[in-house]
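Residues per chain, in single letters:
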Amino acid sequence: MTKSANQTKDKILEAANALFYRDGVRATGVDAIAARAGITKRSLYYHFRSKDDLVEAYLISRDEPNLAAFRRWFGLPDCCLEDRIAGLFEGLKRATRHPDWRGCGFLRTAGELANMPGHPAVRAAARHKQAIESWLAGEFSAAGVAEADALARRMLLLIDGAFSAMLVHHDTDYIDAAAAAARDLCAMAQAKG
């Protein structure tokens, strides 16, 4: 693909990211994405065979930046595990305070497409959540937690539960409660190991 074609594809993804995240994937048409990207609909379909492919690409483009934020929030390895997990939830809390925050794009998209479990975007959302769980399991294992996989799954449930509660209540006390539960789980897991 030429540099110009790559730039066009990047413009389309940038527009899709903004509109899909703000308005949802079902409410956003390809005409709006093409207009925001400053291209024709034909050009959009040259780069993405279908809207479904574009929705999948939208989530894939969010995967690594989200994982990088989680790693950054989790903090330095020389801190105790409870403080590191608290840092992760503090980062989530800061993110939810941003005026443009609309929830977890992966959860929202999977929710919009719940009646289509084989949709490529639903699979991309599942891969992202699995990547977070695997990354956490690796961090917990490195910290000496004996049941790292089980703890990682519980943390993912707390994270996604906090995201869901924030969408409904817009109250960061839910993230604080999830963080307290996460710290307790870390302390219990380390006491076992």
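Please refer to the structure placed before this passage.
Please read all numbers here as calculations on a predicted model, not as lab measurements.

Attention shifts here to the overall build of the protein chain. When helices and strands are tallied, the protein chain shows nine helices and zero strands. Tracing the protein chain from N to C terminus, the helices and strands come up as α-α-α-α-α-α-α-α-α. Taken over the C-alpha atoms alone, the protein chain extends approximately 60 × 35 × 30 Å along its principal axes. For the protein chain, the share of sequence-separated contacts (at least 6 apart) that also reach a separation of at least 24 residues comes to 66%. By element, 53% of the accessible surface of the protein chain is carried by carbon and sulfur atoms, the whole surface being about 10,000 Å². The protein chain carries 26 positive and 24 negative side-chain charges, and their two centres are separated by 7 Å.

Relative to the 34 Å expected for 24 residues at 1.5 Å per residue, helix H4 (residues 51-74) spans 35 Å between its end C-alpha atoms, a close match to the ideal helical length. Of all the bends in H4, the largest measures some 30 degrees and sits at Asp63, one to four residues before the proline Pro65. Following H4 by one or two positions, Gly75 adopts a phi angle in the positive range, close to 90 degrees.

It is worth spelling out the nonpolar core at this point. With 59 residues, the main nonpolar core has Ile33, Leu54, Phe70, Ile85, Phe89, Leu136 and Phe140 as its most contacted residues. Of all the secondary-structure elements, those providing two or more residues to this core are helix H1 (3-23), helix H2 (30-37), H4, helix H5 (81-96), helix H7 (120-142), helix H8 (148-169) and helix H9 (173-192). The residues contacting Phe70, other than those within four sequence positions of it, are Leu88, Leu92, Ile132, Trp135, Ile159 and Phe163.

For Asp53, the location among the structural elements is in helix H4. When its relative accessible area of 15% is taken as the criterion, Asp53 is described as buried. C-alpha of Asp53 to C-alpha of Ala121: the two residues are 68 residues apart in sequence and 7.8 Å apart in space.

Let's shift gears to unusual backbone geometry. The backbone of His170 shows a phi angle near 50 degrees, a positive value even though the residue is not glycine. Within the secondary structure, His170 is located in the loop between H8 and H9. A relative accessible area of 60% means that His170 is categorised as exposed.

Before going further, it helps to examine the side chain of Asp160. Within the secondary structure, Asp160 is located in helix H8. Leave out the neighbours within four places in its chain, and Asp160 touches Leu107 and Lys129.

In this section: the pattern of salt bridges. Summed over the entire model, instances satisfying the criterion amount to 11 salt bridges. Here Asp83 makes a salt bridge to Arg183, at a shortest N to O gap of 3.2 Å. Note that Asp83 is positioned in helix H5 and Arg183 in helix H9, a separation of 100 residues in sequence. The shortest N-O distance in the salt bridge between Arg153 and Glu133 comes to 2.8 Å.

With that settled, consider the packing of aromatic side chains. The tally for this structure, following the rule as stated, stands at five aromatic pairs. With a centroid separation of 5.8 Å and 35 degrees between ring planes, the pair formed by Phe70 and Trp73 is classed as tilted. Pair noted here: Phe70 and Trp73 are both in helix H4, with a separation of three residues, about one helical turn. Across this residue pair, the class does not change: Phe70 and Trp73 are buried. Taken together through their ring pairs, the aromatic side chains of Phe74, Trp135 and Phe140 make up a single cluster.

Right, let's talk about the layout of surface pockets for a bit. The rolling of a water-molecule-sized probe over the atoms marks out the regions of remaining empty space. Taken as a whole, the largest pocket spans an internal volume of roughly 380 Å³. Surrounding the largest pocket, 18 residues form its lining, Tyr21, Arg62, Asn66, Ala95 and Trp101 being those nearest its centre. Secondary structure elements with two or more residues in the lining of the largest pocket: H4, H5, helix H6 (105-112) and H7. A per-class count over the lining of the largest pocket returns 10 nonpolar, five polar and three charged.

Procedures and definitions
Residues numbered from 1 in each chain as written. Predicted model: local features only at pLDDT ≥ 70, side-chain atom pairs only at ≥ 80, totals over all residues. Heavy atoms only, no water. Helix = DSSP H or I, 4+ residues; strand = E, 2+ residues; numbered from the N terminus. Contact = heavy atoms within 4.5 Å. Areas by Shrake-Rupley, 256 points an atom, 1.4 Å probe, with all protein chains shown as cover. Lys, Arg positive; Asp, Glu negative; His and termini not counted. Charge placed at Lys NZ, Arg CZ, Asp CG, Glu CD. Expected span 1.5 Å × (residues − 1). Bend = angle between axes of the 7 residues up to and from the residue. Core = buried A, V, L, I, M, F, W, Y, C linked by side-chain atoms within 4.5 Å. Buried < 20%, exposed > 50% of the residue type's maximum accessible area, 1.4 Å probe, protein only. Salt bridge = Lys/Arg side-chain N within 4 Å of Asp/Glu carboxyl O. Phe/Tyr/Trp six-rings, centres within 6.5 Å; stacked < 30°, edge-to-face > 60°. 1 Å grid on protein atoms, 1.4 Å probe; cavity = no way out; pocket = protein on both sides within 12 Å on 5 of 7 lines; lining within 4 Å. Points joined across faces, edges and corners; volume = space filled by probe spheres on them. Nonpolar A, V, L, I, M, F, W, Y, C, P; charged D, E, K, R; others polar.

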